[in-house]
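Here are the chains, one letter per residue:
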Amino acid sequence: MELRQLRYFVTVAEELHFGRAAERLHIVQSAVSQQVRRLERELGVEFFDRSPRHVRLTPAGERFLPEARSVLAAEERARAVAAELTAGRAATLRLGTSTGLGDHLDRVLESLARHAPELGVELLAAPVRSRLEQVAAGRLDAAFVRAPEEHPGVRLIPVWQDQLVVALPARHPLADAPDVALADLAELPLRLTDRRNNPPLVDLVVSACRDAGFVPVPGPRSSSLQDTLAAIGAASPMWTVVYASHARQLRTSRVAFLPVRGEGLSLPTALAVHPVSPPAALGTLLAACADHDS
């Protein structure tokens, strides 16, 4: 005996018509008839007096109906308890992050703490593909993604532009300027991560250099931002780019961070959520992102 069979039986008993019962259940009539017949065979009793003109409950059906309703009511109560448990878990927002979000993340978390103090936040740093896959699978409620591309099972909501700044040795002649033109860096080696690690960032910087009239001189490959900044801070003649939100949190007197003159360099950041089951706190999270951006 299955719950769906009881549900079909109760619906037919209320409608006294297999066709109307099927319409209420949003399934074909043959499926309703088949499952009710299976229930009758399994229990060894007929619940309906079927004729071409009418469908009526038998005495056995009339006696069985309140018991079937009682079982379905118990199912509803169990579902309500499960929903309450789910709502309790929803009070914690599982949020995917990445290196370099810097004070963007700090300000969003501060805004959430002000406007939704009851909301807990769990942060998970992971590669971008992993973040998107976990959002699609429901293991993350949302994730920040830079220069996002469409991903199956994920909805992308733009939240802000992530500005980039140039990192130079503090002793370099350009370091005292309020900003820097990319063309002024044409003779200096550019130290970037491998493209496979961050295609949007590398493509943006190389394209901007070409638009400025030069092909960047390739410097040593960057194993990590920390190593790159340490090398630049040692007055090595090279440069790199850093997310401005991250640069504002770095404390070093050996490296100068300068905005790019003109329109600058930036990458869009989006919030990835499940397209069908977004987190209950999505509105609050988006408000926090907008509050931070303003």
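Scroll up for the structure.
Residues numbered from 1 in each chain as written. Predicted model: local features only at pLDDT ≥ 70, side-chain atom pairs only at ≥ 80, totals over all residues. Heavy atoms only, no water.

### Topic: helix 2 (residues 18-25)
Note: α-helices contain 3.6 residues per turn, so residues at a spacing of three or four share the same orientation. How we decide: Throughout, exposure labels follow a simple rule: accessible area from a 1.4 Å probe, protein chains only, divided by the maximum for the residue type, with under 20% read as buried, over 50% as exposed, and the rest as partly exposed. A run of H or I in DSSP counts as a helix once it spans at least four residues, and a run of E counts as a strand once it spans at least two, with each numbered from the N terminus. The arc in question is traced by the directions running from the helix axis to the C-beta atoms.
Among the residues making up helix 2, those that are buried are Phe 18, Gly 19, Ala 21, Ala 22 and Leu 25. Projected down its long axis, helix 2 shows its buried positions confined to an angular sector of 160 degrees, all on one face.

### Things to note about the pairing of strand 11 (residues 265-273)
To be explicit about the condition: Between any two strands, pairing holds if DSSP finds at least two bridges.
For strand 11, the buried fraction is high: seven of the nine residues fall into the buried class. Here strand 5 (residues 142-146) pairs with strand 11 via five bridges, running antiparallel. Bridging across to strand 11, Ala 142 finds its partner in Val 273. Pairing analysis gives nine bridges linking strand 6 (residues 155-169) to strand 11, with the strands arranged antiparallel. Bridge assignment links Leu 156 to a residue of strand 11, and that residue is Ala 272.

### Considering the pairing of strand 5
For strand 5, a buried count of five out of five residues is recorded, marking the element as mostly surrounded by other parts of the structure. Residues Ala 142, Phe 144 and Arg 146 line one face of strand 5 and the alternating positions Ala 143 and Val 145 line the opposite face, and both faces are buried. For strand 3 (residues 92-97) and strand 5, the ladder comprises two bridges, and the chain directions are parallel. Looking at strand 5, one finds that Gly 96 is bridged to Ala 143.

### Looking at the side chain of Ser 98
Applicable threshold: Contact criterion: two residues are considered in contact whenever any of their non-hydrogen atoms come within 4.5 Å of each other.
Take Ser 98: it is sitting in the loop between strand 3 and helix 5 (103-115). Residues contacting Ser 98, with those up to four places away along its chain left out, are Arg 131 and Arg 146.

### A look at the packing of aromatic side chains
The line we're drawing: Only Phe, Tyr and Trp rings take part, Trp by its six-membered ring, and two of them pair if their centres are within 6.5 Å. Stacked means planes under 30 degrees apart, edge-to-face means over 60, and tilted covers everything else. Think of it as a cone above the ring: NZ of Lys or CZ of Arg counts as a charge over the ring if it is within 6 Å of the ring centre and within 35 degrees of the ring normal.
Under the definition given, this model contains six aromatic pairs. Seen in terms of ring centroids, Phe 9 and Phe 47 are 4.9 Å apart; in terms of plane orientation they differ by 50 degrees. Their pairing is tilted. Taken as a pair, Phe 9 in helix 1 (residues 3-15) and Phe 47 in the loop between helix 3 (29-43) and strand 1 (48-50) lie far apart in primary sequence, 38 residues in all. Comparing Phe 9 with Phe 47 shows no difference in burial state: the two are buried. Three or more aromatic residues joined by ring pairs form one cluster here, namely Phe 9, Phe 18, Phe 47, Phe 48 and Phe 64. Here the basic side chain of Arg 146 rests over the ring of Tyr 243, its NZ or CZ set 3.5 Å away from the ring centre.

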